[in-house]
Amino acid sequence: MPIIIKLFTNFIMRLLSKRLLLLLVLGTFLYFACKREPVPVLPEKTQIVITPDGDTIYITNTDTVYINNPPPLTSHPCSPDTVYFEQQLLPLLQSNCASPNCHDNITHEEGVWLTSYEFTLTTGGVRLTSPTQSKLYTSTSPNASERMPPPPRAALTTAQRALILKWIQQGAQDLHCDGECDTTQYSYTAVIKPILALRCNGCHGASAPSGNISYATYAGVKANVDSGKFWGSIVHANGIKPMPYPQGSAQIPDCDKIKIKKWIDAGAPEN
Ligand code: HEC
């Protein structure tokens, strides 16, 4: 092959490989630059409301409500086998143990504060190595010498005690889940009553009810609803004591508030 052709071929090859290399680099760069996480698509007609507390509420066209997590993206779905401190244990402790002159932020009787995860873990007598011997659990036994909560307050139910034990057995973790919130259902018996039982009745139950307000019967709840104080206390309206207790507790979840509001707007029936 004449030398001139060889040189020419070499020149072309070098040019080509340089171009190829350039193309490869540019292509890779463009690929990564353009590759984006898929944009989540919300269900049609999802309404988004931001509350004064900074929570984002998504209301889908089926009237299902999701708090802070858009419908298709639930990051911590609730599992029925797990005890969630935030949703299940904290309300139970607040309502039954953190009442005035007990384990609230002011009195913290015997150095026990049951008003947050950190305090419960550090002062509640939780024993991860022998859960059944945890003071948090043993003191609630109906046979305990100084039963908690003390009479005249009602003792915890078997189910409530089982929940405490299960939480410790699962490692006493600070777990939170984003449950689905269906606000189409808000009957008194199936929906409202259990909310009050969890969040209010430790103090507003049948025996020695706080502020002389008892939610042990429908009549008691209805009278309080009619006075306007029930809803006012839930949304922390001016001039009404903010609930739930203890001092500085967050308002009940938006999901519960929406159901309660719908029930009150429907005339607060005993259904
Ligand atoms: C840990 C105890 C505790 C829990 C839980 C609790 N309350 Fe109360 N509640 C009190 C006490 C104590 C008072 C009386 C406060 C006072 O008079 O200083 C009170 C008073 C009230 C009042 C009267 C307010 C006023 O200004 O007259 C309403 C209404 C009320 N609670 C509703 C609720 C509702 C609804 C819940 C549940 C979402 C709830 N409470 C949960 C302890 C509690």
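For the structure, check the block above.
Residues numbered from 1 in each chain as written. Predicted model: local features only at pLDDT ≥ 70, side-chain atom pairs only at ≥ 80, totals over all residues.

(A) Quick look at the overall build of the protein chain. Looking only at helices and strands, one finds 10 helices and 4 strands in the protein chain. Along its sequence from the N terminus, the protein chain presents helices and strands in the succession α-β-β-β-α-α-α-α-β-α-α-α-α-α. When contacts within the protein chain are restricted to residue pairs at least 6 apart in sequence, long-range pairs at least 24 apart make up 59% of them. (Helix = DSSP H or I, 4+ residues; strand = E, 2+ residues; numbered from the N terminus. Contact = placed C-beta atoms within 7 Å.)

(B) Structural view of the site of the ligand. Within the structure, the ligand sits among 25 residues, and C200, C203, S210, G211 and Y245 are positioned closest to it. When contributions to the shell around the ligand are tallied by element, the ones reaching two or more residues are α2 (85-97), α7 (201-204) and α9 (229-234). Among the residues forming the shell around the ligand, the class breakdown is 13 nonpolar, 9 polar and 3 charged. Both of domain 3 (85-169) and domain 4 (181-265) provide at least three residues apiece to the shell around the ligand. (Near = placed C-beta within 6 Å. Nonpolar A, V, L, I, M, F, W, Y, C, P; charged D, E, K, R; others polar. Domains from an automatic or database assignment.)

(C) Spotlight on helix α6 (residues 188-199). Looking at α6, one finds that the buried residues are I192, I195, L196, L198 and R199. Close packing links the buried residues of α6 with α2, α7, α8 (218-226) and α10 (254-265). (Buried ≥ 20, exposed ≤ 12 C-beta atoms within 10 Å, placed from the backbone.)

(D) Seen up close, the nonpolar core. Of all hydrophobic cores here, the largest spans 35 residues; its most connected members are L89, L93 and W167. Elements represented by at least two residues in this core include exactly α2, α4 (135-138), α5 (158-169), α6, α9 and α10. No fewer than three residues from each of domain 3 (85-169) and domain 4 (181-265) sit in this core. Sequence-distant contacts of L93, that is, excluding residues within four places in its chain, are made with A98, L114 and T120. (Core = buried A, V, L, I, M, F, W, Y, C linked by C-beta atoms within 7 Å.)

(E) Seen up close, the environment of A206. Checked against the element boundaries, A206 lands in the loop between α7 and α8. A residue is classified by how many C-beta atoms lie within 10 Å of it, and A206, with 14 of them, is partly exposed. Between the alpha carbons of A206 and T217 there is a distance of 8.1 Å; along the sequence they are 11 residues apart.

(F) Broad picture of the packing of α6 against α10. Packing of α6 against α10 brings their axes to within 10 Å, and their N-to-C directions diverge by 125°. Of the possible angle classes, the one that applies to α6 and α10 is oblique. You can see that α6 and α10 cross each other, and the crossing is left-handed. Counting all contacts with α6, which are made through Y188, V191, I192 and I195, the residues of α10 involved are D256, K259, I260 and W263. Counted by class, the contact of α6 with α10 contains 6 nonpolar, no polar and 2 charged residues. (Axes fitted to C-alpha atoms, helices over the stretch in contact; angles between N-to-C directions. Parallel < 35°, antiparallel > 145°, perpendicular 65-115°, else oblique. Left-handed = near helix turned anticlockwise from the far one by under 90°.)

(G) Structural view of the pairing of strand β1 (residues 47-50). In this sheet, strand β2 (residues 56-59) lies alongside β1 in antiparallel orientation, the contact comprising 4 bridges. Of the residues in β2, the one forming a bridge with I48 is Y58. The turn joining β1 and β2, which pair antiparallel and follow one another in sequence, is formed by 5 residues; a positive phi near 90° is taken by G54. (Pairing = 2+ DSSP bridges.)

(H) Region of the structure containing unusual backbone geometry. A cis amide bond links M243 to the next residue, P244, at an omega of 0°. Looking at the secondary structure, you find P244 in the loop between α9 and α10. For the peptide bond that leads from Y245 to P246, omega is 0°, which places it in the cis range. Relative to the assigned elements, P246 resides in the loop between α9 and α10. You will see that A208, though not glycine, has its phi angle at about 50°, which is positive. Mapped onto the elements, A208 comes out in the loop between α7 and α8. According to the C-beta neighbour criterion, A208 is partly exposed, with 13 such atoms within 10 Å.

(I) Broad picture of α5. The terminal C-alpha atoms of α5 lie 16 Å apart, and with 12 residues this matches the ideal 16 Å at 1.5 Å per residue to within 8%. Taken residue by residue, α5 has I164, W167 and I168 as its buried positions. Across the axial projection of α5, the buried residues extend over an arc of 100°, all falling on one side. Opposite the packed face of α5, turned more than 90 degrees from it, sit the exposed residues T158 and A159. Along its buried surface, α5 packs onto α2 and α4. Taken from the residues just after α5, G171 is the one with a positive phi, measuring 100°. (Expected span 1.5 Å × (residues − 1). Arc of directions from axis to C-beta.)

From the geometry alone we can't say anything about function, so treat these as descriptive.
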